[in-house]
Amino acid sequence: MLVDSHCHLNYKGLIEEQGAVLDRARESGVTAMLNISTRESEWRDIVATAERESDVWSSIGIHPHEADAHPDIDLAKLVKEAEHERVIAIGETGLDYYYDHSDRDRQRQSFRTHIHAARETGLPIIVHTRDAEDDTATIMAEEMEQGAYTGVIHCFTASEDFAHKALDLGLYISISGIVTFKNAKDLQATAAKLPIDRLLVETDAPFLAPVPHRGKTGEPAFVADTAKFLAELRGEDYSELCETTAENFYRLFNKARP
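How each quantity is defined
Residues numbered from 1 in each chain as written. Predicted model: local features only at pLDDT ≥ 70, side-chain atom pairs only at ≥ 80, totals over all residues. Heavy atoms only, no water. Patch = residues over 30% accessible without salt bridge, like charges linked within 9 Å, V, L, I, M, F, W, Y side chains within 5 Å. Areas by Shrake-Rupley, 256 points an atom, 1.4 Å probe, with all protein chains shown as cover. Salt bridge = Lys/Arg side-chain N within 4 Å of Asp/Glu carboxyl O. Lys, Arg positive; Asp, Glu negative; His and termini not counted. Charge placed at Lys NZ, Arg CZ, Asp CG, Glu CD. Helix = DSSP H or I, 4+ residues; strand = E, 2+ residues; numbered from the N terminus. Buried < 20%, exposed > 50% of the residue type's maximum accessible area, 1.4 Å probe, protein only. Pairing = 2+ DSSP bridges. Right-handed = clockwise from strand over helix to strand, strands pointing away. Axes fitted to C-alpha atoms, helices over the stretch in contact; angles between N-to-C directions. Parallel < 35°, antiparallel > 145°, perpendicular 65-115°, else oblique. Left-handed = near helix turned anticlockwise from the far one by under 90°. Contact = heavy atoms within 4.5 Å. Nonpolar A, V, L, I, M, F, W, Y, C, P; charged D, E, K, R; others polar. Arc of directions from axis to C-beta. Expected span 1.5 Å × (residues − 1). Phe/Tyr/Trp six-rings, centres within 6.5 Å; stacked < 30°, edge-to-face > 60°.

Let us look at a negative patch on the surface. Among the surface-exposed residues, Asp237, Glu240, Glu243 and Glu247 lie close enough to one another that they form a single negatively charged patch. Locating glutamate 247 in the fold gives a position in helix H9 (residues 238–252).

What follows is the structure, given as structure tokens:
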């Protein structure tokens with residue numbers, strides 16, 4: 001079992017040959033993929049892909065880059081859309097102060113709204129954070145005090161301190177192909193020490209193709225390369241890491257069925 005816990009199958013680079021992309025993933029041992037939404041205009045097509053493909057699941061959410069463009073996305077709309085049987089997560093959401101494509105206050109407001117939706121639906125939240133560790137950690141902690149919710153820090157590249165804060169809140173951490181990059185020494189050091197029962201793997205395809213595919217369009221098949229690198233980094237058996245991260249996926253995203 002091998003699960004790509006975060007990909008964008010409907011993005012340019014993958015959508016043009018989505019069937020072939022899925023076939024290559026399956027040939028690489030990938031048994032499930034979570035297809036992530038970032039804006040409302042994507043929701044229908046992303047859910048339709050999950051309806052059509054039994055090993056593909058979907059999320060509903062607004063990326064922090066898109067927060068300004070979606071002032072009408074409220075709790076009720078997220079909760080309603082998440083009722084669909086193929087929607088297993090809320091997000092991706094969070095904070096991105098690196099690009100600042102949306103106003104920071106608006107990002108923070110949107111992030112909290114998504115957490116409220118996760119709490120109300122019982123679905124995990126998928127968190128994106130870049131150059132915003134302090135605010136992300138503060139919001140997550142404040143919201144946890146208001147009521148429990150579950151989730152994952154996707155494409156983790158933050159500090160070890162932030163990892164501990166997320167783990168202390170009960171969240172999971174997902175590692176992408178970035179961990180295979182030569183300049184990712186700090187991330188590698190953190191990834192080597194993450195508790196195995198909170199670990200997920202992902203591609204974030206079509207982005208961040210891991211070594212040895214750097215420079216290519218990322219796709220879910222490449223999650224196998226990230227998992228192999230992680231297993232070696234952590235001194236673990238590849239098959240066992242695949243099985244455990246898959247089990248973690250279904251424990252967190254418990255609306256999904258293996």
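Let us keep going from here.
Take the pairing of strand S3 (residues 56–60) next. Remember that side chains alternate between the two faces of the sheet whenever the strand is regular. With 5 of 5 residues buried, S3 lies mostly within the body of the structure. A two-sided burial pattern is seen for S3, the buried positions comprising Val56, Ser58 and Ile60 on one face and Trp57 and Ser59 on the other. With 3 bridges connecting them, strand S2 (residues 32–35) and S3 associate as parallel partners. Each residue of the ladder has a partner; that of leucine 34, found in S3, is tryptophan 57. Each parallel crossover has a hand, and for S2 linked through helix H2 (residues 43–52) to S3 it is right-handed.

Time to look at unusual backbone geometry. Across the junction of glycine 91 and glutamate 92, the peptide omega takes the value 20°, indicating a cis bond. Inspection of the secondary structure puts glutamate 92 in strand S4 (residues 87–96). With omega at 15°, the peptide bond leading from alanine 205 into proline 206 counts as cis. Structurally, the position occupied by proline 206 is in the loop between strand S8 (199–201) and helix H8 (223–234). Phi at aspartate 100 is positive, roughly 50°, even though this residue is not glycine. Mapped onto the elements, aspartate 100 comes out in the loop between S4 and helix H4 (104–121). Of the residues examined, aspartate 100 reaches a relative accessible area of 34% and is grouped as partly exposed. Residues other than glycine seldom take positive phi values, yet aspartate 204 does so here, at roughly 60°. Turning to its location among the elements, aspartate 204 is positioned in the loop between S8 and H8. On the basis of relative accessibility, which here comes to 9%, the residue aspartate 204 falls in the buried class.

The next subject is the pattern of salt bridges. In this structure the tally under the stated criterion is 19 salt bridges. For glutamate 42, the salt bridge goes to arginine 39, with nearest N and O atoms at 2.6 Å. With a relative accessible area of 11%, glutamate 42 lands in the buried category. Looking at arginine 39, the relative accessible area reads 28%, which means it is partly exposed. Between aspartate 100 and arginine 104 there is a salt bridge, and its shortest N-O distance comes to 2.9 Å. The class for arginine 104 is partly exposed, based on a relative accessible area of 35%.

Our next topic: the packing of H8 against H9. Running from N to C, H8 and H9 point in directions that differ by 115°, and their axes come no closer than 9 Å. Between H8 and H9, the angle is such that the two are roughly perpendicular. Of the two elements, H8 crosses H9, and the hand of that crossing is right-handed. When H8 is examined against H9, the residues Ala224, Ala227, Lys228, Leu230, Ala231 and Arg234 are found in contact with a partner set consisting of Tyr238, Leu241 and Cys242. Looking at side-chain class alone, the contact of H8 with H9 contains 7 nonpolar, no polar and 2 charged residues.

So, on to helix H1 (residues 18–27). Among all positions of H1, only Gln18, Val21, Leu22 and Ala25 are buried. Down the axis of H1, the sector holding all buried residues measures 95°, keeping them to one side. Where H1 is buried, its residues touch S2, H2 and S3. One or two steps after H1, the chain reaches glycine 29, where phi turns positive at roughly 100°.

Under the 1.5 Å per step criterion, the end-to-end length of H8 is 16 Å for 12 residues, consistent within 8% with the ideal 16 Å. With its phi angle positive at about 70°, glycine 235 sits one or two positions after the end of H8.

Before going further, it helps to spend a moment on the packing of aromatic side chains. Tallied over the entire structure, the rule returns 5 aromatic pairs. Centroid distance tyrosine 98 to tyrosine 99: 4.8 Å. Interplanar angle 85°. Geometry classified as edge-to-face. Exposure remark for tyrosine 98: the relative accessible area of 44% places this residue in the partly exposed category. Geometrically, the ring pair formed by phenylalanine 156 and phenylalanine 162 is stacked, given 6.4 Å between the ring centres and 25° between the ring planes. Since its relative accessible area comes to 1%, phenylalanine 156 is described here as buried. Given a relative accessible area of 1%, phenylalanine 162 falls into the buried group. Ring-pair connections join several aromatic residues into one group, and the members of that group are Phe249, Tyr250 and Phe253.

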